[in-house]
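Given next are the chains, with one letter for each unit.
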Amino acid sequence: STTEFATRARRWAVRAMIEKGLEAEEDEAFQELSEVVAEFSSNYQHHFERLIDRMGHERLGGHNPAVIVAAGVVAYHRTKQAEMEVLPDARELLDALRRVEMRLGIISAGLQVKQAEKLIRLRVLPYFDPKAIFFSDQMGVSKPNPKIYLKALAALGVEPSRAMYVGDRPGHDIAPAHQIGMRTVLYRGAGGKYAEEAPAVPADHDVRDMRDMIPILRDRYGVGAP
């Protein structure tokens with residue numbers, strides 16, 4: 001879950017900033033940082049600077065603000081390095097699909113380098129067709145606009161009816177993909193704030209474990225060993 005991971009990373013960032021001189025209680029600073037993220041978006045690149053602005057430079061104890069910000073950045077990225085992993089069920093499905101004739105790709109909403117960094121950190125790039133990696137930041141359109149799916153499929157020369165999209169957000173992933181005629185899989189196993197959301201448009205398959213897709217793909221779609 002991106003939500004749960006980001007919460008942990010921001011907690012560690014706040015602790016590091018306090019350790020380097022920010023005069024604040026952890027819960028107070030974390031709440032302010034959460035408001036910064038909500039107001040400026042998660043893709044904003046100066047969360048920690050805005051946190052200091054909100055709390056006041058007089059609470060830096062005479063320390064250089066750049067040092068406090070850097071402490072937060074380093075702690076955030078250290079959490080990424082240590083804790084960002086592919087869930088075991090997802091890894092097993094990817095391993096299974098690697099052995100069949102199926103093109104695997106990514107359609108990701110977000111800043112291109114930030115999203116690409118995740119794929120590299122997770123060491124999943126070998127699973128995917130390099131021509132089938134799409135970031136909204138490069139496409140001029142983002143989720144939930146169904147055009148992002150149409151542009152990706154057109155680039156690959158694949159009809160929507162021959163494609164399946166897996167996502168964890170009913171509104172941003174399932175509804176638009178379904179709208180253009182793709183098969184859809186709603187994945188609830190990562191947890192987070194979307195795990196129990198009721199989809200306005202039911203997915204073709206609703207799973208909590210990615211491994212459940214192995215027999216479904218084999219028996220319903222003829223993908224994999226008989």
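Residues numbered from 1 in each chain as written. Predicted model: local features only at pLDDT ≥ 70, side-chain atom pairs only at ≥ 80, totals over all residues. Heavy atoms only, no water.

## Looking at the confidence of the model for the protein chain
Argument step 1. Overall, the predicted model of the protein chain reaches an average pLDDT of 92, with 99% of residues at or above 70.
Argument step 2. Helix 8 (residues 147-156) holds the highest mean pLDDT among the elements of the protein chain, 97, whereas helix 6 (residues 112-122) holds the lowest, 88. (pLDDT = per-residue confidence, 0-100. Helix = DSSP H or I, 4+ residues; strand = E, 2+ residues; numbered from the N terminus.)

## Observations regarding the packing of helix 1 (residues 2-19) against helix 2 (residues 26-40)
Argument step 1. For the pair helix 1 and helix 2, interaxial distance at closest approach is 9 Å and the crossing angle is 125°. Here helix 1 lies oblique to helix 2, going by the angle between them. The handedness of the crossing between helix 1 and helix 2 is right-handed. Across the interface between the two elements, Thr7, Arg10, Arg11, Val14, Arg15 and Ile18 from helix 1 touch Glu26, Asp27, Ala29, Phe30, Leu33 and Val37 from helix 2.
Argument step 2. Residue classes in the contact of helix 1 with helix 2 are distributed as six nonpolar, one polar and five charged. (Axes fitted to C-alpha atoms, helices over the stretch in contact; angles between N-to-C directions. Parallel < 35°, antiparallel > 145°, perpendicular 65-115°, else oblique. Left-handed = near helix turned anticlockwise from the far one by under 90°. Contact = heavy atoms within 4.5 Å. Nonpolar A, V, L, I, M, F, W, Y, C, P; charged D, E, K, R; others polar.)

## As for the packing of aromatic side chains
Argument step 1. Following the criterion strictly, the structure yields two aromatic pairs and no others.
Argument step 2. With 4.9 Å between their ring centres and 85° between their planes, tyrosine 149 and tyrosine 165 make a pair best called edge-to-face. Here tyrosine 149 is found in helix 8, whereas its partner tyrosine 165 is found in strand 3 (residues 164-167), with 16 residues between them in sequence.
Argument step 3. Under the relative-accessibility criterion, tyrosine 149 is labelled buried at 0%.
Argument step 4. The exposure class of tyrosine 165 is buried, given its relative accessible area of 9%.
Argument step 5. Directly above the ring of phenylalanine 30 sits arginine 11, whose terminal nitrogen or CZ lies 4.1 Å from the centroid. (Phe/Tyr/Trp six-rings, centres within 6.5 Å; stacked < 30°, edge-to-face > 60°. Buried < 20%, exposed > 50% of the residue type's maximum accessible area, 1.4 Å probe, protein only. Lys NZ or Arg CZ within 6 Å of the ring centre and 35° of its normal.)

## Details of the sheet that holds strand 4 (residues 183-187)
Argument step 1. Spatial strand order, 3-4-5: three strands in an open sheet with parallel pairing. The open sheet has two edge strands, strand 3 and strand 5 (205-207), and neither has a second partner. Across the sheet, the axes of successive neighbouring strands diverge by a mean angle of 15°, strand direction being ignored.
Argument step 2. The strands that helix 9 (residues 170-179) touches are strand 3 and strand 4; relative to strand 4, the one it contacts most, it runs at about 165°. (Pairing = 2+ DSSP bridges.)

## Examining helix 10 (residues 213-221)
Argument step 1. Regarding helix 10, the residues found buried are Met213, Ile216 and Leu217. An end-on view of helix 10 places all buried positions within 95° of arc, on one side of the element.
Argument step 2. In this fold, the buried residues of helix 10 make contact with helix 5 (88-97), strand 3, strand 4 and strand 5.
Argument step 3. Downstream of helix 10 by a residue or two, glycine 222 has a phi angle that is positive, lying close to 70°. (Arc of directions from axis to C-beta.)

## Section: the environment of leucine 97
Argument step 1. Here leucine 97 lies in helix 5.
Argument step 2. For leucine 97 and proline 126, which are 29 residues apart along the polypeptide, the C-alpha to C-alpha distance reads 12 Å.

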